[in-house]
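# Coordinate inspection notes
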Amino acid sequence: MTRTAEPEHELVRRLLPFSVPAIALAAGVGAAIGGSGPAWSSGIAIVAVTVNVVAHAFSIAWAARTSPLLVMAVGLGGYVVRIAAFTVALLLLDRLPWFSPLAFVTAFAPATVVVLVIEMKLLAGRMQVDLWYFPERS
């Protein structure tokens with residue numbers, strides 16, 4: 001079976017161009033509502049979502065090249081690691097005087113939902129397992 005791109009890399013390739021306009025939009029809304037602090041907080045949230053998508057895609061793609069068991073471990077373990085990283089980032093950023101946790105979460109949550117909806121739409125009609133390729137071992 002020959003493929004041109006792993007599905008996870010294809011997802012990143014399709015979504016990444018939208019990250020810069022999404023950062024600008026979130027920062028613009030944050031600035032309009034609350035000034036520079038919420039603008040930066042909202043922009044950082046979109047950067048966090050983008051990093052989350054890229055980290056997830058590359059870790060799952062790596063695991064898929066290795067073994068099905070590793071796909072499950074990386075999928076579940078990666079989720080826990082990314083949620084922990086998000087929590088730590090939120091706690092560390094909250095120490096900065098200009099940071100707005102409300103603006104951060106208000107931008108982060110809908111952006112995550114949008115990414116999940118786009119991912120589901122791109123994968124609609126296909127089973128995730130059908131998208132992975134495990135080379136036969138000799």
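So, here is what we can say about the structure in this document.

## Quick word on helix α2 (residues 19-34)
The terminal C-alpha atoms of α2 lie 22 Å apart, and with 16 residues this matches the ideal 22 Å at 1.5 Å per residue to within 8%. Every buried residue belonging to α2 is among Ser-19, Ala-26 and Gly-30, and all of these are buried. Buried residues of α2, viewed axially, fall in a sector of 35°; they line one side. Turned more than 90 degrees away from the buried face of α2, the exposed residues are Val-20, Ala-24, Leu-25 and Ala-32.

## Structural notes on a nonpolar patch on the surface
On the surface, a nonpolar cluster with roughly 340 Å² of combined accessible area is contributed by Leu-25, Val-29 and Ile-33. For Ile-33, the position within the fold is in helix α2. When its relative accessible area of 74% is taken as the criterion, Ile-33 is described as exposed.

## Regarding the side chain of Ser-19
On the secondary structure map, Ser-19 appears in helix α2. A polar atom in the side chain of Ser-19 sits 2.7 Å from the backbone oxygen of Leu-16. Sequence-distant contacts of Ser-19, that is, excluding residues within four places in its chain, are made with Ile-46 and Thr-50.

## With respect to the side chain of Ser-100
Take Ser-100: it is sitting in the loop between α4 (68-93) and α5 (101-123). The class for Ser-100 is buried, based on a relative accessible area of 17%. Setting aside chain neighbours within four positions, we find Ser-100 in contact with Pro-38 and Ser-41.

So, how was this worked out
- Residues numbered from 1 in each chain as written.
- Predicted model: local features only at pLDDT ≥ 70, side-chain atom pairs only at ≥ 80, totals over all residues.
- Heavy atoms only, no water.
- Helix = DSSP H or I, 4+ residues; strand = E, 2+ residues; numbered from the N terminus.
- Expected span 1.5 Å × (residues − 1).
- Buried < 20%, exposed > 50% of the residue type's maximum accessible area, 1.4 Å probe, protein only.
- Arc of directions from axis to C-beta.
- Patch = residues over 30% accessible without salt bridge, like charges linked within 9 Å, V, L, I, M, F, W, Y side chains within 5 Å.
- Areas by Shrake-Rupley, 256 points an atom, 1.4 Å probe, with all protein chains shown as cover.
- Salt bridge = Lys/Arg side-chain N within 4 Å of Asp/Glu carboxyl O.
- Polar contact = N/O pair within 3.5 Å; in protein donor to acceptor, adjacent residues only side chain to side chain.
- Contact = heavy atoms within 4.5 Å.

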